[in-house]
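Spelled out, the chains give:
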Amino acid sequence: MPISPNFSDLMKPDIEMKAFPDGDSYVRVMGTGELKGKEARVFHRLYPEQDKAIFQAMLMLDTLRKAGVKPVLVSPYLPYCRQDKIFLEGEALSAELLCRLLKFAGAERLVTLDCHFLKKEGRAEYGGLAIENVSMGNALVEHAKAKVEGEQLDVISPDVGASYLVEAYGGKSMEKVRGAYAEGKEAYRKIEKLERGFEVKGKNVLILDDMISTGGTMIRAVENVKKGGAKKVLCAATHGFFLKGSLEKLRAACDGVFVTNSIPSPVSEVDFLPVLKERGLA
Ligand code: R5P
């Protein structure tokens, strides 16, 4: 199983990765001869430095493919996954292009976690790429339950996009509406409204999402349920970027925040590797 250096927190890496003096990536996948004719899982994170990490993945995949190996890329977070719809004429459909590129480079399949555009667990195809989408929802909910020590816990999502993560627990979703892109160079659509059509008064609540990026969604959701009289408020997501100081803000605003180690962070309390192992994917 070829393992990238950016997986070294979880497994012993054996892919050699360097940079040429001008910054070009150098990749060498060891032991390709032994893998010839077989399917081999390649473990490589595509975040941070996503554009570089994507190109490194393509170098690995192409090298394996040329050596007669059938590579299955295991990348817990798929960058560009939120660019799966066109809002304005001329916008790039980045999620689809990325999948096409991974397929073109040689990926037999992509194994990933709570991929934003898939909305359910299991096998799918997008941009011609076969994807195995594994949900961390159950592991995150179980982790949250331990934090409320046997008390009742309501699992909710901050928008309908993440409703599949909470439905199995009878959870409801808030409604989030984003506005137009803000002026300036940052591609960001502000949250116009985040509304809740259900009661949380006196309840312990876990707000569960596929990702916490700038934290804008989660912070609004915490404010909302606190205002609604929730007792204990926990926040969790599969992928935690915690941009713009949002980890500190969330920690101050609620009773606990945690994510998986798909992107390592100080609150990566839930390990995704055992979940992949259980399913024979790692
Ligand atoms: C969006 O639909 C996603 O499920 C997340 O709610 C969103 O991407 C989180 O982004 P942010 O933390 O910047 O609000």
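Residues numbered from 1 in each chain as written. Predicted model: local features only at pLDDT ≥ 70, side-chain atom pairs only at ≥ 80, totals over all residues. Heavy atoms only, no water.

1. Quick look at the overall build of the protein chain
Looking only at helices and strands, the protein chain has 8 helices and 14 strands in total. Here the protein chain has a C-alpha radius of gyration of 20 Å; the compact-globule value for 282 residues is 19 Å, and the two agree. A principal-axis box enclosing the C-alpha atoms of the protein chain has dimensions of 60 × 45 × 35 Å. Split into buried and exposed, the 282 residues of the protein chain put 50% on the buried side. The long-range fraction of contacts in the protein chain, counting pairs at least 24 apart against all pairs at least 6 apart in sequence, stands at 62%. Looking at the protein chain as shown, the accessible area adds up to about 13,700 Å², and 50% of this sits on carbon and sulfur atoms. (Helix = DSSP H or I, 4+ residues; strand = E, 2+ residues; numbered from the N terminus. Rg over C-alpha atoms; globule rule 2.2 N^0.38 Å. Buried < 20%, exposed > 50% of the residue type's maximum accessible area, 1.4 Å probe, protein only. Contact = heavy atoms within 4.5 Å. Areas by Shrake-Rupley, 256 points an atom, 1.4 Å probe, with all protein chains shown as cover.)

2. Some details on the packing of helix α2 (residues 50-66) against helix α3 (residues 94-105)
To describe two helices that pack against each other, one gives the angle between their axes and the distance between the axes. Orientation of α2 relative to α3, taken along the N-to-C sense of each, is 30°, at an axis distance of 8 Å. Put simply, α2 runs roughly parallel to α3. Each of Ile54, Met58, Leu61, Asp62 and Arg65 in α2 lies in contact with α3, whose residues at this interface are Leu98, Leu101, Leu102, Phe104 and Ala105. Here the contact of α2 with α3 is composed, by residue class, of 8 nonpolar, no polar and 2 charged. (Axes fitted to C-alpha atoms, helices over the stretch in contact; angles between N-to-C directions. Parallel < 35°, antiparallel > 145°, perpendicular 65-115°, else oblique. Nonpolar A, V, L, I, M, F, W, Y, C, P; charged D, E, K, R; others polar.)

3. Examining the side chain of Ser25
Tracing the chain through its elements places Ser25 in strand β2 (residues 25-29). Judged by its relative accessible area of 16%, Ser25 is buried. Sequence-distant contacts of Ser25, that is, excluding residues within four places in its chain, are made with Lys18, Phe20, Lys52, Gln56 and Leu59.

4. With respect to the pairing of strand β7 (residues 129-134)
Of all 6 residues in β7, 5 are buried, a share of seventy percent or more. Here strand β5 (residues 109-113) runs beside β7; their pairing, made up of 4 bridges, is parallel. Note on β7: the bridge partner recorded for Leu113 is Val134. Two elements, strand β6 (residues 122-126) and β7, share 5 bridges in a ladder whose sense is antiparallel. When the sheet's bridge partners are listed, Gly122 is paired in β7 with Asn133. (Pairing = 2+ DSSP bridges.)

5. With respect to the site of the ligand
Close to the ligand lie 14 residues, the nearest being Asp209, Asp210, Thr214, Gly215 and Thr217. In the model, an oxygen atom of the ligand is placed 2.8 Å from a nitrogen or oxygen of the Arg82 side chain. Compared with its free state, where it exposes 370 Å², the ligand has 93% of that area covered by protein. Elements supplying a minimum of two residues to the shell around the ligand: β9 (175-181), β11 (205-212) and α6 (216-227). The greatest single-element share of the shell around the ligand, amounting to 4 residues, is contributed by β11. (Near = heavy atom within 4 Å. Polar contact = N/O pair within 3.5 Å; in protein donor to acceptor, adjacent residues only side chain to side chain.)

6. What to know about the packing of aromatic side chains
Applying the stated rule across the entire model yields 7 aromatic pairs. Judged by centre distance (6.0 Å) and plane angle (90°), the ring pair of Tyr47 and Tyr77 falls under edge-to-face. One end of the pair, Tyr47, is in the loop between β3 (39-43) and α2; the other, Tyr77, is in the loop between β4 (70-74) and α3, with 30 residues separating them in the sequence. According to the relative accessible area criterion, Tyr77 is buried, its value standing at 6%. Members of the aromatic cluster, connected to one another through ring pairs, are Phe7, Phe43 and Phe272. Seen from the ring of Phe7, Arg45 lies directly overhead, with NZ or CZ sitting 5.0 Å from the centre. (Phe/Tyr/Trp six-rings, centres within 6.5 Å; stacked < 30°, edge-to-face > 60°. Lys NZ or Arg CZ within 6 Å of the ring centre and 35° of its normal.)

7. As for α2
Helix length check: α2 (17 residues) gives 24 Å between terminal C-alpha atoms against 24 Å at 1.5 Å per residue, within 8%. Considered for burial, the residues of α2 that qualify are Ala53, Ile54, Gln56, Ala57, Met58, Met60, Leu61 and Leu64. Turning to α2, the residues buried within the fold contact β1 (15-19), β2, α1 (32-35), β3, β4 and α3. Where α2 terminates, the next one or two residues include Gly68, which has phi positive at roughly 80°. (Expected span 1.5 Å × (residues − 1).)

8. Quick notes on a nonpolar patch on the surface
A grouping of Phe87, Leu88 and Tyr181 is seen on the molecular surface, where their side chains present a nonpolar patch of about 300 Å² in accessible area. Mapping Leu88 onto the fold places it in the loop between β4 and α3. On the basis of relative accessible area, Leu88 is assigned to the partly exposed category, the value being 47%. (Patch = residues over 30% accessible without salt bridge, like charges linked within 9 Å, V, L, I, M, F, W, Y side chains within 5 Å. Salt bridge = Lys/Arg side-chain N within 4 Å of Asp/Glu carboxyl O.)

9. Brief notes about the pattern of salt bridges
Applying the stated criterion across every chain yields a total of 17 salt bridges. Glu16 is the salt-bridge partner of Lys18, the closest N and O atoms lying 3.1 Å from each other. On the accessibility criterion, Lys18 (47% relative accessible area) is partly exposed. On the basis of relative accessibility, which here comes to 23%, the residue Glu16 falls in the partly exposed class. The partner of Glu142 in a salt bridge is Lys145, and the shortest N-O contact between them spans 3.3 Å. Placement of the pair is Glu142 and Lys145 together in helix α4 (residues 137-147), with a separation of 3 residues, close to one helical turn. According to the relative accessible area criterion, Glu142 is partly exposed, its value standing at 41%. For Lys145, a relative accessible area of 40% corresponds to the partly exposed category.

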